[in-house]
Every structure is written in C-alpha cells, then in structure tokens.
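# Coordinates in review
Next come the chains, spelled out residue by residue.
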Amino acid sequence: GLNFIDLMVRQGNIDNPPKTPLVPGFECSGIVEALGDSVKGFEIGDRVMAFVNYNAWAEVVCTPVEFVYKIPDDMNFSEAAAFPMNFVTAYMMLFEVANLREGMSVLVHSAGGGVGQAVAQLCSTIPNVTVFGTASSFKHEAIKNSVTHLFDRNADYVQEVKRISADGVDIVLDCLCGENTGKGLSLLKPLGTYILYGSSNMVTGETKSFFSFAKSWWQVEKVNPIKLYEENKVIAGFSLLNLLFKQNRGGLIKGVMDKLLSLYNSKKIKPVVDSLWALEEVKEAMQRIHDRGNIGKLILDVEKAPTPLMANDSTETSEAGEEEEDHEGDNENKERMPFIQ
C-alpha cells in the first residue's frame, strides 16, 4: 500500500528520517513463504496482510508475527494491502480516542482518500452519525454518497459547517495541519475532540522547501491549555506507526483488527482501491498521491507489468515550492492519470 506518510518520508518531513538507501512502505499483503522457529498460528502458504517498519515495497518482506493477520476468504490481495493502515487508523481515532457514539457529528478532511473513506464507512455503522467532509471538487461525484455533507477543500468550510450545524461538530479529524488546526478547534462543540493524525500540508513541491515547511508550522494554532479548560474541548494526536513500532502496542492493534475483520465479514466495510501500479511505476503512483488525485488507496503490485502511458499523461514530477499547496483539484493532469486495473 502507498500512503501519504511515504511522501513525507521521501521528503524528510518526519522526525529522525531513516538513512538511505532504504525500501519504503509500511503495509503489504501476500503469501507466507517462511516462518520463524517459534511462530504459531500460521503456516507456509497462508494468505496474510501485515504492518512492516519500512521495507514493504519489496517482493519479499520479513516482519514480527504480532504484526501479521490472516486475510478473509472473500478479500483479494489488493484489498488486503489497502486495509490495515487506513481502517485501523480510522477505527482507533473514532472509537478509542474520540469515543464515537450514536447521534454525533464528524468532520474529516481529504474525504476521498483512503483514511477518509474508511472513516465514512465506519461512521455508517453507528446510527445517526453526521459526516462532514472536505475534498477536491472533481472527487465529489464519486464520494458524494459516502458522507452527509461534502464541501470543496478550497471553500470556507468553517462557515458551511456552522450554517448546517450552528454548534459545530463533536469530532474533527485533521490530516492537514497548518491553519486548519485553528479552524478545527473553532468548530468543536463542548466536550468535542480534535485529533491531528497527519500534516499533509507539509508536503508541497517535489523537493523539500524549508520556507513552506516553516510557513505551515507558523500557521498552526498555538493551543492555550486554559482555553481548552474553559471551553471543554479535547485536543489529541494519533500516529499508528509510533503506536506499533515505538510504543509496543501491537496487542491492542490486533484486537482492533479482529473487530474490523468482523465488520468486513459482515459486509459493513470494504477497502476502496483507487488503482494498481507496477513497482516500476512508483514515481507516477506517488505523484498521483502528491496531487491528491486518488480516491481510496493506491497499490503497488509486484506481479504487474508496467502499463504504457499515453503521450499526454502527466509523468513529470513537480518542482513547485510553497505556492503549490492550495492547488488540489485545479490540475487537469490528475484526471488524465491512468486508472490501472
């Protein structure tokens, strides 16, 4: 699976980025080829999906057994590679951090992305949950049925939300950071929860721009603890990778995966796969994520042969800097990127 965090790793926009050379990627699916001496519960030939602390974009990967899960019979390998990161992140934020319950309201950014679509599906499993979503206008037709109210990401969504719900929302899920932090906090109802789980506004041009990085951090709302106390608001952060690989909560994640697979087997949730790409096409696939052109998850398929691109397809990487961060949905090249099945 390809995730926005992979772009941040490539640009060095994370704490303690690993030294090169490295193989990126944090989730995969495949067939067990070998087992450690003490491994129980799995056999060679089992269909599995797994979290990996880097190195997922390879033909063969190795990871501790606590990060490996069997794939349901009805799930194909592409769906399995699209499942762990998105759905565990969405589930943990909604139910473990924010305590989503009947009748609540949720605002999620990048509603057309993998996590956004997982959030929308999980919200639909709870009665009377209202989902507000922001996304590029060209995605609206495809995702309009997955959220209750959908806004263009460049519109004044704060006023749009308040027009519909004067009191605001119960939960804000923010993967953007920057100026959206203050906007999200302003929309919270009393006892509402704001969760930061990414900072995609830090990724702008193809090359790392210190100016754009500093600008995004400067826009982050300075949180006053006394104000949180007076307004009865909760601010939280969530990083699945840190929870797994730095804080040793693999057992907790396994319990969440069991619940998610039960929901999948009940046909209440289903991963959304945007497109499949050969390993040789990773540059183009990452550009599609960079341009926010995907609806759901992009997948690297090690058995897929590269697909020839048409002459007018956009394969050039962007060299733009900080001016590029608000262009989502404006570049027609995104629509010309091939959907590879």
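Residues numbered from 1 in each chain as written. Predicted model: local features only at pLDDT ≥ 70, side-chain atom pairs only at ≥ 80, totals over all residues. Heavy atoms only, no water.

## Digging into the overall build of the protein chain
What the protein chain contains, in helices and strands, is 13 helices and 11 strands. Considering the protein chain as a whole, with its 341 residues, one finds that 51% of them fall into the buried category. Long-range contacts, defined here as pairs at least 24 residues apart, represent 70% of the contacts in the protein chain between residues at least 6 apart. Summing over all exposed atoms, the protein chain offers an accessible surface of approximately 16,400 Å²; the carbon and sulfur share of this is 51%. (Helix = DSSP H or I, 4+ residues; strand = E, 2+ residues; numbered from the N terminus. Buried < 20%, exposed > 50% of the residue type's maximum accessible area, 1.4 Å probe, protein only. Contact = heavy atoms within 4.5 Å. Areas by Shrake-Rupley, 256 points an atom, 1.4 Å probe, with all protein chains shown as cover.)

## Re the nonpolar core
Among the nonpolar cores identified, the biggest contains 58 residues, and F51, F83, L122, L173, I253 and L260 are the most heavily contacted of them. Those elements that place two or more of their residues in this core are strand 2 (47-51), helix 3 (84-97), strand 4 (105-108), helix 4 (114-123), strand 5 (130-135), strand 7 (169-174), helix 10 (240-245) and helix 11 (250-265). The dominant element in this core, judged by the number of residues it contributes, is helix 3, at 9 residues. If we ignore the near neighbours within four places in the chain, the residues touching L122 are F87, A90, Y91, L94, F95, L260, L263 and I269. V32, W57, V68 and I289 belong to the second-largest nonpolar core, a separate cluster that totals 17 residues. (Core = buried A, V, L, I, M, F, W, Y, C linked by side-chain atoms within 4.5 Å.)

## Describing unusual backbone geometry
A cis geometry characterises the amide bond from T20 onward to P21, with omega recorded as 0 degrees. Inspection of the secondary structure puts P21 in the loop between helix 1 (4-11) and strand 1 (27-31). For N55, which is not glycine, the phi torsion reads 75 degrees and is therefore positive. Counting through the fold element by element, N55 comes out in the loop between strand 2 and strand 3 (68-70). The backbone of K267 shows a phi angle near 60 degrees, a positive value even though the residue is not glycine. Tracing the backbone shows K267 in the loop between helix 11 and strand 10 (273-277).

## Remarks on the sheet that holds strand 1
Strand order in the open sheet formed by 3 strands is 1-2-3, with antiparallel pairing between adjacent strands. The two strands at the open ends of the sheet, each matched to only one other strand, are strand 1 and strand 3. Adjacent strand axes in the sheet meet at a mean angle of 25 degrees, parallel and antiparallel pairs treated alike. Here strand 1 runs beside strand 2; their pairing, made up of 5 bridges, is antiparallel. Residue pairing for strand 2: C28 is matched across the bridge by A50. Strands strand 1 and strand 2 of the sheet are contacted by helix 3, whose axis makes an angle of about 60 degrees with strand 2. In the packing of helix 11 onto the sheet, contacts are made with strand 2 and strand 3, and the angle to strand 3 comes to roughly 20 degrees. (Pairing = 2+ DSSP bridges. Axes fitted to C-alpha atoms, helices over the stretch in contact; angles between N-to-C directions.)

## Remarks on the sheet that holds strand 7
The 6 strands are arranged 6-5-4-7-8-9 in an open sheet whose pairing can be described as parallel. For this open sheet the edge positions go to strand 6 (149-152) and strand 9 (234-237), each flanked by a neighbour on one side alone. The average undirected angle you get between the axes of adjacent strands in this sheet is 15 degrees.

## A closer look at the environment of L240
Structurally, the position occupied by L240 is in helix 10. A relative accessible area of 5% places L240 in the buried class. C-alpha separation for the pair L240 and I253, spaced 13 residues apart in sequence, amounts to 9.0 Å. Once residues within four sequence positions are removed from consideration, L240 is found in contact with F51, P84, M85, V88, T89 and I253.

## Brief notes about helix 3
Burial of helix 3 is extensive: 12 of the 14 residues sit out of reach of the surface. Looking at helix 3, one finds that the buried residues are P84, M85, N86, F87, V88, T89, A90, Y91, M92, M93, L94 and F95. Positive backbone phi, approximately 55 degrees, marks N99, located one or two places after helix 3.

## Brief notes about the packing of helix 1 against helix 12 (residues 282-290)
With their axes 10 Å apart at the nearest point, helix 1 and helix 12 run at an angle of 105 degrees to one another. Judged on the interaxial angle alone, helix 12 and helix 1 are roughly perpendicular. From helix 1, F4, D6, L7 and R10 reach across to helix 12, where they touch M286, I289 and H290. Looking at the contact of helix 1 with helix 12 residue by residue, the classes come out as 4 nonpolar, 1 polar and 2 charged. (Parallel < 35°, antiparallel > 145°, perpendicular 65-115°, else oblique. Nonpolar A, V, L, I, M, F, W, Y, C, P; charged D, E, K, R; others polar.)

## Re the packing of helix 3 against helix 4
With their axes 8 Å apart at the nearest point, helix 3 and helix 4 run at an angle of 50 degrees to one another. Classed by the angle they form, the pair helix 3 and helix 4 counts as oblique. In the packing of helix 3 onto helix 4, the handedness of the crossing is right-handed. Here N86, F87, T89, A90, Y91, M93, L94 and F95 of helix 3 come into contact with helix 4, specifically with G114, V115, A118, V119, Q121, L122 and C123. (Left-handed = near helix turned anticlockwise from the far one by under 90°.)

## Looking at the packing of aromatic side chains
Per the stated rule, a full pass over the model turns up 7 aromatic pairs. Taking the centre distance of 6.3 Å and the plane angle of 80 degrees together, the rings of F83 and Y264 count as edge-to-face. In this pair, F83 sits in the loop between helix 2 (77-82) and helix 3 while Y264 sits in helix 11, placing the two residues 181 residues apart along the sequence. For the pair shown, F83 and Y264 are each scored as buried. (Phe/Tyr/Trp six-rings, centres within 6.5 Å; stacked < 30°, edge-to-face > 60°.)

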